[in-house]
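In case you want the letters, here they are:
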Amino acid sequence: MSNKCTACQGPLSEVAKFCPRCGAPPGGKARSKAALAQATAPPVTAWGQFLDDTWDFFASVKVAVVLIALLVVGAAVGSLVEQENLYQDWRPPELYYPMRYPTWGLTFMKLGLTHAYKSAWFFAIIFLCCTSLIICSLQRLIPLHRALNHPRPDLPAGAIRSLPEHVTAGAPAGGGAAVEALLKKKGYRLTRGKTGSLYGERGRLGRYGPYIIHIGLLLCAAAAFTKFIPGWDVEQGMWVADGETVKVPSASFAIRSDGFTAGYYPDGRPKMFQTEARVVDNGQEVLKHTIKVNDPLSYQGYEFYQTTFKSEPGVAKVNILKTAPGGPAGDQVGSLELDLKSPAPQYQVLPGVHVVVNDYFPDFGVDPSGKPVSKSRDIKNPVFLLTWQDDAGKILGRQALFVAKGAEVVADGPYRLQLTDIVDRHYTGLKLHKDRSFPFMIAGISIVFGGMLITFFLYHRQVWARLEGDRLILGGRTNKFPLGLRSELKQMAAKLPPLPGEAPGAGSVAEATGG
Amino acid sequence: MGPVLAKGHPAWKRRTTAFFVIVGLALILVFALKPQQTTGSGVAVGAPPPDFALKTMDGKSLSLSQLKGKVVLVNFWASWCPPCRDETPNLVQVYDRFHQQGVEFVAVNLQENTVTVRAFADRYHITYPIVLDTYGRVTDQFHVTPLPTTYLIGKDGKVAAKLEQPLSQGVMEGYLTSLLAK
């Protein structure tokens, strides 16, 4: 025994829940294919429902606005609370912040407000913003893209007349070909409809402009995140003494200073600071640049800024005296220069005689137990403990050399060193900065800018034309600046013959209307 | 016939959402598993310390990675720091006892000249290797504020402790014994 569908009278098996021909349930009415599919699709799983809800959440513009507001607030907090890498104090953060913000210091630290741009919550906000940006874009871009790629070239005359902008003119002598030529001249890409209408389109890219801006923004966000990659964002201070070559940390080259100069106005205000800097790569001088304030040296993505300078005693100039045993200081037999930052372990002073530096105290003092010590690392009160030896290693005498003018000579033996001068050493303080994310940031900003130009200045115009007897109906729509399209349509109509029954030149564009 | 329409959103939307959900969960996991810092600054306890290669007194290069798999004590010091001078005899004695058992010491000197450091080492009979942090970069990397500061690194190559005070022999022995036992 066979059943029949009540809706279409087609055959229906006993177990069928709906008619295979028209989709009607037994005893019900016929359903559309989409409704049928919806009715018969497998139920949504909890995971699927969760994904759908998540999508809808992020696709909401309201959510996007809230996220952007959060981002702004987070960035503002980061600029209001003094950041860990920026404060000028020797104290570590856990000592500094309770002093800087009496009640809230430690709370700020725990919340990550003291390193806002590297905190988990800031990271999370940016991640959510990027998610929202991508999902919002896809939600709108995919249907837009589909619609733009499937235009409807066929439009009946009535539909063209109901477009926002339209004109009616006389049919040109050349027929359809003349209309095509007219539209082509205006830069329209043409598609012929199957029912005799003509479709032209221009500036479609303009519709994609906002999404190009979004891609640029995402690139900027990605560039910001590269700061978390070790070695991508390097900022470090370095001291270079005049004439010294210092290897740049984390790079393969070195910087040499051929001299630091400070200039002052007569009233004592600083006029200029500059360093004659050289880049030494593989032992070769490859670049010369005078680093001034706001005029850094750039090499291999590194930038070297002039930030500060200092001077300290650099070299002690001494005379070598030969003395009769027990007698006063005698004749000068030579001279020597002792480096006060890093003295050599020994100096050859005369043929067959050298002086060994047993100990060196840059800031000499005596500790409570009576031992000689250096009180600090600064070259404030330098003292050398020296032993005079001949080439066989026999000790000729000892000396404690106090590098201070007028200091007493404490020595025995036939030789001694006597201070004649202390020459200062000048250091330039440079700040090196390398940010590898920079080119990506520039690319991101360029794309954003390009996207803006496209969005604002490229109008997407769509026009349809149809010949109807001795009349030509021309209509169109645009996403922006409808007045421009209206005047364009009017211009085109002006080149066409007047409507039948109207005098040429006297208001030939009879029905130019705006929506 | 076209594809059967499923209920809810199309598959590409679900795939995109799933991607963000998974990336988000992965990020949460990374943040959760990252070793927590004991203080606001410094090398995190439980994380591997930054590697360095510095010159020893005899001009050889010594790097932390060379000592991988051993218990390492890294001591930051300077001759002008009185607590460092108090601590040095303790370091010397503990090193004598523990070096045989596979404990390595690295004494990082802060920006002092060779003559001063050598004289200091001679005066205190230091036998463990001293490296010269001429530009203070390793000291910066390890976020050393007070001197002396000592890092203890376990056999697993991770920081076991950061101690910002001069250490007694008892304290050092306690740490080293427990790290050797692990």
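Conventions adopted
Residues numbered from 1 in each chain as written. Chains lettered and ligands numbered in written order. Predicted model: local features only at pLDDT ≥ 70, side-chain atom pairs only at ≥ 80, totals over all residues. Heavy atoms only, no water. Helix = DSSP H or I, 4+ residues; strand = E, 2+ residues; numbered from the N terminus. Contact = heavy atoms within 4.5 Å. Phe/Tyr/Trp six-rings, centres within 6.5 Å; stacked < 30°, edge-to-face > 60°. Buried < 20%, exposed > 50% of the residue type's maximum accessible area, 1.4 Å probe, protein only. Core = buried A, V, L, I, M, F, W, Y, C linked by side-chain atoms within 4.5 Å. Pairing = 2+ DSSP bridges. Axes fitted to C-alpha atoms, helices over the stretch in contact; angles between N-to-C directions. Disulfide = S-S within 2.5 Å. pLDDT = per-residue confidence, 0-100. Buried area = accessible area lost by both parts, 1.4 Å probe. Salt bridge = Lys/Arg side-chain N within 4 Å of Asp/Glu carboxyl O. Nonpolar A, V, L, I, M, F, W, Y, C, P; charged D, E, K, R; others polar.

Draft legend 1. Layout of the environment of Asn75 of chain B. Residue and element names in this part refer to chain B. Mapped onto the fold, Asn75 is located in strand S3 (residues 71-77). For the pair Asn75 and Leu152, spaced 77 residues apart in sequence, the C-alpha to C-alpha distance is 8.7 Å. Once residues lying within four places of it in the same chain are set aside, the contact partners of Asn75 are Glu87, Leu91, Val106, Ala107, Val108, Pro148, Thr149 and Thr150.

Draft legend 2. Molecular detail of the packing of aromatic side chains. All names here are of chain A. Applying the stated criterion across every chain yields a total of 33 aromatic pairs over all chains. Ring geometry for Phe253 versus Phe304: centroids 6.2 Å apart, planes at 75°, classification edge-to-face. Taken together, the residues span a long stretch of sequence, with Phe253 in strand S8 (residues 253-264) and Phe304 in strand S12 (residues 302-322) at a distance of 51 residues. We note that Phe253, like Phe304, is buried. A centroid spacing of 5.0 Å and a plane angle of 50° characterise the contact between Phe273 and Phe309, whose relative ring orientation is tilted. Placement of Phe273 in strand S9 (residues 270-281) and of Phe309 in strand S12 is noted, with a sequence separation of 36 residues between them. Take Phe309: its relative accessible area is 30%, and that puts it in the partly exposed class.

Draft legend 3. Representation of the nonpolar core in the model. Counting residues in each nonpolar core, the largest one holds 52 residues, and the members touching the most others are Phe76, Phe105, Phe142 and Leu147 of chain B. Looking at this core, the elements that each hand over two or more residues are S3, helix H2 (82-98), strand S4 (103-110), helix H3 (114-124), strand S5 (130-133), strand S6 (149-153), strand S7 (159-163) and helix H5 (169-181) of chain B. With near-sequence residues (within four places) excluded, Phe76 of chain B lies in contact with Val108, Leu110, Val138, Thr139, Phe142, Val144, Leu147, Pro148, Thr149 and Tyr151 of chain B. Judged by nonpolar contacts, the second largest core, of 23 residues, contains Val318, Ile379, Leu417 and Leu419 of chain A.

Draft legend 4. Fine view of the sheet that holds S9 of chain A. Residues and elements named next belong to chain A. A sheet is described by the order of its strands in space; here 4 strands give the open sequence S7-S8-S9-S10, paired in antiparallel fashion. Each edge of the sheet is formed by a strand with only one pairing partner; in this case those strands are strand S7 (245-247) and strand S10 (284-292). For this sheet the average axis-to-axis angle between neighbouring strands, irrespective of direction, equals 25°. With 8 bridges connecting them, S9 and S10 associate as antiparallel partners. Within S10, the residue paired with Gln274 across the bridge is Lys292.

Draft legend 5. Seen up close, the state of the cysteines. Residue and element names in this part refer to chain B. In this structure the tally under the stated criterion is 1 disulfide over all chains. Each sulfur in the disulfide pair Cys81 and Cys84 lies 2.1 Å from the other. Sign of the S-S torsion, about 90° for the bond between Cys81 and Cys84, identifies this disulfide as right-handed. An identical accessibility class is assigned to Cys81 and Cys84; each is buried.

Draft legend 6. Spotlight on the pairing of strand S1 (residues 53-56) of chain B. All names here are of chain B. Where S1 meets strand S2 (residues 61-63), 3 bridges bridge the pair, whose relative direction is antiparallel. Looking at S2, one finds that Ala53 is bridged to Ser63. Here S1 hands over to S2 after 4 residues, with Gly59 in that stretch at a positive phi of 85°.

Draft legend 7. Representation of the confidence of the model for chain A. Of all residues in chain A, 95% attain a pLDDT of 70 or more, and the chain-wide mean is 86. Counting contacts from residues 505-515 of chain A, a segment whose pLDDT is below 50, to residues more than four positions away or on other chains yields 29 contacts.

Draft legend 8. Region of interest: the interface of chain B and chain A. Across the boundary between the two partners, chain B contributes 34 residues, which contact 54 residues of chain A. Here chain B packs against chain A, burying approximately 3,800 Å² in sum over the two surfaces, 65% of which is carbon and sulfur. The shortest N-O distance in the salt bridge between Arg123 of chain B and Asp359 of chain A comes to 2.2 Å. At the level of elements, helix H1 (11-33) and H3 of chain B are the ones that each hand at least two residues to the side of chain B that touches chain A. Counting residues per element, the side of chain B that touches chain A draws most heavily on H1 of chain B, which supplies 12 residues. A per-class count over the side of chain B that touches chain A returns 15 nonpolar, 13 polar and 6 charged.

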